[in-house]
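# Fold and contact review
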Amino acid sequence: MSHPKLTTLPQWQALQRHFAMLGTKHLRELFAADPQRGERLTVENVGLYLDYSKQRVDDDTLRLLRELAEACELPRRIEAMFRGDRINTTENRAVLHVALRAPATKKILVDGHDVVQDVHEVLARMAAFSERVRSGAWLGHTGKRIRNIISIGIGGSDLGPVMAYEALRDYSRRDMTFRFVSNVDGTDFAEAVRDLDAAETLFIICSKTFTTLETLTNAHAARAWSLAALGDADAEKNGAIAKHFVAVSTNAEGVAKFGIDTANMFGFWDWVGGRYSMDSSIGLSTMLAIGADGFRDMLAGFHAMDEHFRRTPLERNLPVLMGLLAIWNNNFLDAATVAVLPYEQYLKRFPAYLQQLTMESNGKHVTLDGKVVDYDTGPVYWGEPGTNGQHSFYQLIHQGTRIVPCDFIGFGQTLNPLPAQGGGDQHDLLMANLIAQGEALAFGKSSDEVRAEGTPEALVPHRTFEGNRPSTTILAAKLTPHALGTLIALYEHSVFVQGVLWDIDSFDQWGVELGKQLAKATIVELTAKDEPKLAHDSSTNALIRRYRQLRDGKAPTGPRG
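Keep in mind that this is a model prediction, so the values were computed, not measured.

## Comments concerning unusual backbone geometry
Cis geometry marks the peptide bond from G386 to T387, where omega comes out at 10°. Topologically, T387 is positioned in the loop between β11 (380–382) and α15 (394–399). Of note, N468 is a non-glycine position whose phi angle comes to about 60°, a positive value. Tracing the backbone through its elements, the reader meets N468 in the loop between α17 (447–452) and β13 (471–476).

## Regarding the sheet that holds strand β9 (residues 265–266)
The strand order across the open sheet formed by five strands is β6-β5-β7-β8-β9, and the pairing between neighbours is parallel. With partners counted over all chains shown, the strands left at the sheet margins are β6 (177–181) and β9, one partner each. Looking at chain direction, strand β5 (residues 148–152) and β6 are connected through five bridges and run parallel. Counterpart to S151 in the pairing with β6 is F180.

## Considering the UniProt feature "active site" (unreviewed entry) in the protein
Mapped onto the present numbering, the UniProt feature "active site" (unreviewed entry) falls at E360, H391 and K516. Their sequence span is 157 residues, while the largest C-alpha to C-alpha distance among them is 37.1 Å; these annotated residues do not converge on one region. Cross-referencing the annotated residues with the lining of the largest pocket gives E360 and K516. Among the structural elements, H391 can be located in the loop between β11 and α15. With respect to the secondary-structure elements, K516 resides in helix α19 (residues 513–527).

## Remarks on the environment of Y276
Relative to the elements of secondary structure, Y276 occurs in the loop between β9 and α12 (284–311). Through-space distance from the C-alpha of Y276 to that of L100 is 9.6 Å; in sequence the pair is 176 residues apart. Once residues within four sequence positions are removed from consideration, Y276 is found in contact with H97, L100, L357, S361, E492, V495, S506 and F507. A polar side-chain atom of Y276 sits 3.0 Å from a polar atom in the side chain of S361.

Rules used throughout
Residues numbered from 1 in each chain as written. Predicted model: local features only at pLDDT ≥ 70, side-chain atom pairs only at ≥ 80, totals over all residues. Heavy atoms only, no water. Helix = DSSP H or I, 4+ residues; strand = E, 2+ residues; numbered from the N terminus. Pairing = 2+ DSSP bridges. UniProt positions renumbered as here; feature names shortened; annotations may be inferred. 1 Å grid on protein atoms, 1.4 Å probe; cavity = no way out; pocket = protein on both sides within 12 Å on 5 of 7 lines; lining within 4 Å. Contact = heavy atoms within 4.5 Å. Polar contact = N/O pair within 3.5 Å; in protein donor to acceptor, adjacent residues only side chain to side chain.

See the structure below:
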């Protein structure tokens with residue numbers, strides 16, 4: 001059920017009045033007025049320490065944001081999700097990624113059916129399969145054990161597994177190779193298999209419907225490569241595909257037609273959105289890499305954050321605080337982007353994963369009842385690991401004209417200790433940079449401070465940092481499977497909080513459809529033997545003709561400039 005128009009709510013208007021008063025205050029003033037601010041505006045739970053004291057808020061801001069959340073019925077909407085209500089209204093579906101990590105003792109009903117038991121049945125099958133492969137009991141067509149795993153998917157069927165593999169590489173089997181193919185660009189597949197032995201390679205085809213064009217295109221390329229490389233003229237007839245391919249899908253007929261044994265098909269459900277599916281059977285490659293116990297530890301991390309989100313009061317609720325601060329920055333500070341900056345090399349793909357999670361979820365322009373919004377929704381998420389980003393885009397964050405709120409993510413212990421020159425560990429230097437960046441963004445350096453350093457007057461403006469740039473810092477003890485689960489669930493639920501307040505459906509993705517539909521018509525025109533009759537706009541027509549000329553090695557014709 002849609003709530004009243006957001007901008008007409010008294011709580012929204014109270015925030016607007018509050019912003020007019022607070023907007024001129026600098027973080028220097030806020031900290032000076034409250035010496036305990038850096039300790040007070042923090043929350044610690046589920047193994048995460050969240051410091052939001054460097055956000056441009058005060059106690060009144062936080063109170064007014066909570067009142068807005070209450071007016072938008074956030075607690076009721078949270079409970080509706082966990083209960084299995086069909087909160088994905090445009091697709092009339094429940095939204096139950098929380099069921100993917102619920103313990104077997106829990107019960108969540110969808111249309112009277114306990115889906116938690118279904119989840120654990122699939123998890124048990126995944127664990128048994130993973131053990132067969134990891135132990136060497138699963139043999140390929142020629143009798144060799146499997147040493148290479150290639151997961152083929154796209155979007156949520158790829159970004160989560162890729163991110164999880166990179167994040168948990170320290171826990172993965174080092175005698176096995178794991179690669180991922182998503183792009184329909186043939187280079188992606190060609191490079192993935194270039195140095196591999198097909199007799200030792202297992203492909204996981206991840207497609208719920210087993211009809212996704214990009215995934216099936218790459219799956220057929222993998223099929224052809226495997227059959228050509230196995231050195232057996234009758235490999236296909238002798239069931240080679242079933243020894244080297246498994247599927248994550250619900251389309252048993254399509255899977256069987258491809259040649260995959262449906263006994264090795266791992267299903268999931270329409271109440272799992274693609275970008276929320278990495279802890280379902282889509283994570284089969286993750287389980288193969290880190291083992292069933294490691295996967296269960298990650299699920300326990302997810303579940304711990306789920307329980308915290310569901311049961312903790314708003315003022316101490318980690319995802320709620322993250323979501324409300326995102327609303328404040330986006331809609332009141334007019335910050336159109338968010339930089340996610342993990343000071344942990346293993347999390348190098350985490351910002352890319354969050355791009356889909358956040359922007360596919362909240363990149364919407366109409367409310368639940370179809371009315372066009374008159375406020376900004378989902379900001380652009382981006383980022384790179386520290387310290388790399390410091391030497392590329394931090395210049396804009398510190399001294400540019402745009403406010404870019406930052407999420408710094410760090411860990412107390414490194415997985416790869418290395419002694420640093422001058423003593424200590426390189427990890428100390430890494431974390432010193434994380435802490436210093438937040439301080440620099442918040443407080444900056446005044447022109448008087450720059451002058452006091454003896455800087456020539458002509459350079460003073462260039463070396464002045466205005467500060468007052470908001471950031472949040474998230475710390476955990478160590479990057480473990482459990483910690484990764486809590487971190488992902490933190491962002492998942494923060495996205496939901498924002499969607500509830502914006503009154504949008506965070507769980508559909510109609511925006512990905514139009515371009516794909518048009519591509520189906522365009523591919524026919526690109527591959528037509530004779531010059532096709534084109535009825536697009538002049539730009540699209542010209543691009544189709546130019547591509548056909550370039551592909552066929554013909555001299556371009558038509559106007560040039």
